[in-house]
Amino acid sequence: MYAQMIKSEASAEDPEKLAAFQARIDAGEKIEPKDWMPEGYRKTLIRQIGQHAHSEIVGQLPEGNWITRAPTLERKAILLAKVQDEAGHGLYLYCAAETLGVSRDELTEMLLDGRMKYSSIFNYPTLTWADMGAVGWLVDGAAIMNQVPLQRTSFGPYSRAMIRICKEESFHQRQGYDIMMKMARGTDAQRKMAQDALNRFWYPSLMMFGPSDKDSVHSAQSMAWKIKMNTNDELRQKFVDQTVPQAEYLGLTVPDPNLTWNEEKGGYDFSEPDWSEFFEVIKGNGPCNTERLEARNKAWDDGAWVREGLMAHAAKKRAAKLAAE
Amino acid sequence: MSKEWPLWEVFVRSQHGLNHRHVGSLHAPDAEMALKNARDVYTRRNEGLSIWVVEARHITASSPSDKGPLYEPSESKVYRHPTFFDIPDEAGHM
């Protein structure tokens, strides 16, 4: 889940229009960019889709860290393809956000100066090759939990972007699990590395879904608008139930002494992550916040001459073509 | 100079004999770069045999408020569908 703590905006609009809008959503109609929509719907979506897009882009950094050090040429090619996909996912989402009347450069600038956030998970470092396995398996796994239902979201461009993303995302999770299987069946040192990666990524992955929001008004509004399809707790529970057997298959131990199967609810009971750590990371005090934003700012600044140069070249060619006609 | 690259809409034909279909959009400084970017962004998994790109500002779109005048007239003309006419079985396949 790449969008966390999105607060929905209240709408002070004509109640009749609002009711008609809600009726369209309730009937399962898609809202398209040129349709009337409440300002709150528009603003909340820009924030949510924008944060999701930023997460895809910043999410390239922890994995990019290992491209040059992948253990084989095949793993390197696969990791490159995955990181390239993340760039593509960011682009699909930026385009969806742009249909709501915000420009790409505005979105980028809001990421770079900290006005917009990205998922807390990407502020953790990737220390060993096993982390590439854990990220694909757990982080992409958690993202899929949220993205699959979002394919049915009410905003047409967002829904279409999600459909494209989901088609590609399952490759990401499987390649991660494939790395974990190889490590878990490897030498003692490799098994230890795999266990260590699980230990470090388990709770940050649970945090991806955000704190419990079952009593939140923002969450209720977003769910009525169908831009949020499930509560954070529902998705977290689903993720744990799916992931624990996968860890068992690997012969790895989920780092939670309270993890037990609850027959009555048909799911696992598990420990909550440390929410004070989550809020610190969101505030900018995670292990890699500074490094991540510095990397994005550097890429943006270093690329300025290319962006401007290509525009100047295009203008020159257009002028030459006009002169020749 | 701070000028954002213009927006392009991308259409991809997936197989011979099918129409190009809108797949999304992207930013590029000119048509040539738009094609190159479209290839990277929208055809990473054999999705296409042909790509069209068109600058978004050149597209004229109908407005949602025109829905009534544009599409309602066709609703009352059911005789435009073949199933409107009953053909006796004896007449054979038609």
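Residues numbered from 1 in each chain as written. Chains lettered and ligands numbered in written order. Predicted model: local features only at pLDDT ≥ 70, side-chain atom pairs only at ≥ 80, totals over all residues. Heavy atoms only, no water.

The name an unreviewed UniProt entry assigns to chain B is Ring-1,2-phenylacetyl-CoA epoxidase subunit PaaB, from the organism Marivita hallyeonensis.

Chain A goes by Ring-1,2-phenylacetyl-CoA epoxidase subunit PaaA in an unreviewed UniProt entry, where it is assigned to Marivita hallyeonensis.

1. Some remarks on the nonpolar core
One recurring pattern in soluble globular proteins: nonpolar side chains tend to sit buried together. Residues and elements named next belong to chain A. If you look at the biggest cluster of nonpolar residues, it comprises 89 residues, and the most contacted ones within it are Tyr-41, Ile-49, Phe-155 and Trp-202. Counting residues per element, this core draws most heavily on helix α6 (residues 130–150), at 11 residues. Filtering out sequence-adjacent residues up to four positions away, Phe-155 remains in contact with Ile-31, Glu-32, Pro-33, Met-37, Tyr-41, Leu-45, Ile-49, Ala-96, Thr-99 and Leu-100. (Core = buried A, V, L, I, M, F, W, Y, C linked by side-chain atoms within 4.5 Å. Buried < 20%, exposed > 50% of the residue type's maximum accessible area, 1.4 Å probe, protein only. Helix = DSSP H or I, 4+ residues; strand = E, 2+ residues; numbered from the N terminus. Contact = heavy atoms within 4.5 Å.)

2. What to know about the side chain of Gln175(A)
Residue and element names in this part refer to chain A. Relative to the assigned elements, Gln-175 resides in helix α7 (residues 156–184). Within the structure, the side chain of Gln-175 is placed 3.3 Å from the backbone oxygen of His-172, a separation counted as a polar contact. Apart from residues no more than four positions distant in its own chain, Gln-175 is found in contact with Arg-75, Ile-78, Lys-82, Met-132 and Gly-136. (Polar contact = N/O pair within 3.5 Å; in protein donor to acceptor, adjacent residues only side chain to side chain.)

3. Topic: the environment of Met181(A)
All names here are of chain A. Topologically, Met-181 is positioned in helix α7. Taking C-alpha positions, Met-181 is 40 Å from His-218, a pair spaced 37 residues apart along the chain. Sequence-distant contacts of Met-181, defined by excluding residues within four places in its chain, comprise Tyr-249 and Leu-250.

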